[in-house]
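Chain residues, written in single-letter form:
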Amino acid sequence: MDELLQTVRACRLCETQLSPRPVLRASPTANLLIVGQAPGTRVHASGIPWDDQSGRTLRRWLEMEPATFYDESRVAIVPMGFCYPGTGKSGDLPPSPVCAPTWHPPLLAAMPGIRLTLLIGAYAQARYLPISKKTTLTDTVRRFREWGPHLLPLPHPSPRNQRWWKNNPWFEAELLPELRARLSLVMEGQDPAEMSAGTYS
C-alpha cells in the first residue's frame, strides 16, 4: 500500500489549472470507504480531504469526530478525482475521467476490509451503482435500501445543496439514521448486513 500511495501521489496523468496534488487517504486496515467527487481549492491548498464546510456537514451526518474521520487506519477517503479539476463557467469542473478508472481498482484491491462504502454525489454513484444515466441523484439516494448493506448513496454535503435537503425531509428522517446505524456496526468491526437481515434486495 505504501508503494501504491507513493505512485498515486506522484501521478501526473491529468494537468489541471493548478499543479496536480492528489489528495486521498487509504490503508489496508480501513473498513469505511468514502468516495466523493474531487478536491476544491481549499482542500487542494491544505492537502487534507474534506477540509471545508462540506466536510463539517459530512461529519455531522456521520456523527463522527475529526480524530476518527481522519484516522486512515479505519477510514479511507478515495474521491473520483484526486486533484482539483479547475474552474468552469458554473463552478468547479467535473473530476478527471481518467483518475477513478486508473487508480480505484488497485486501491480497492489493497483494502479487503471495507465493509461500507459511501457514494457521495452523482459521479461516484454512476460508477458504483447499476443505474441509468437518466436516473436523477434524488431517485438514487431515495432508493438507498435497494443497494444493499455495503453501499450507501448520499447527496453532496455542499452548502449549495441546502435547498435539496429542505425539499427532501426523508433524507434526515430516514437515511441518516440508517447511515449512523450501519456506521456504528462498521466502526466496531462488524458487517452492516447483520443489522437487518433480509432488508436489502
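That block above? That's the structure.
Here the structure is a predicted model, which means the values were calculated and not measured. (Residues numbered from 1 in each chain as written. Predicted model: local features only at pLDDT ≥ 70, side-chain atom pairs only at ≥ 80, totals over all residues. Heavy atoms only, no water.)

Novice: Provide a residue-level description of the nonpolar core, including the pertinent values.
Specialist: Residues Leu32, Ile34, Leu62, Leu118, Phe171, Leu175 and Leu179 are the most contacted members of the largest nonpolar core, which totals 27 residues. Mapped by element, the contributors of at least two residues to this core are β1 (32-35), α3 (53-62), β2 (75-77), β5 (116-120), β6 (151-154), α8 (162-167) and α9 (170-187). No other element matches the eight residues that α9 contributes to this core. The residues contacting Ile34, other than those within four sequence positions of it, are Trp50, Leu58, Leu62, Phe69, Val75, Ala76, Ile77, Val78, Pro79, Leu118 and Ile120. Membership of the second largest hydrophobic core comes to 22 residues, among which are Leu24, Leu33, Ala100 and Trp103. (Core = buried A, V, L, I, M, F, W, Y, C linked by side-chain atoms within 4.5 Å. Buried < 20%, exposed > 50% of the residue type's maximum accessible area, 1.4 Å probe, protein only. Helix = DSSP H or I, 4+ residues; strand = E, 2+ residues; numbered from the N terminus. Contact = heavy atoms within 4.5 Å.)

Novice: I'd love a proper account of the packing of aromatic side chains, names of residues and values included.
Specialist: As enumerated under the stated definition, the model contains five aromatic pairs in all. Ring geometry for Trp61 against Phe171: centres 4.9 Å apart, planes inclined by 70°, an arrangement best described as edge-to-face. Of this pair, Trp61 sits in helix α3 while Phe171 sits in helix α9; the two residues are 110 residues apart in sequence, bridging distant segments of the chain. Both residues of the pair, Trp61 and Phe171, belong to the buried class. Every member of this aromatic cluster is reached through a ring pair, and the members are Trp61, Trp164, Trp165, Trp170 and Phe171. (Phe/Tyr/Trp six-rings, centres within 6.5 Å; stacked < 30°, edge-to-face > 60°.)

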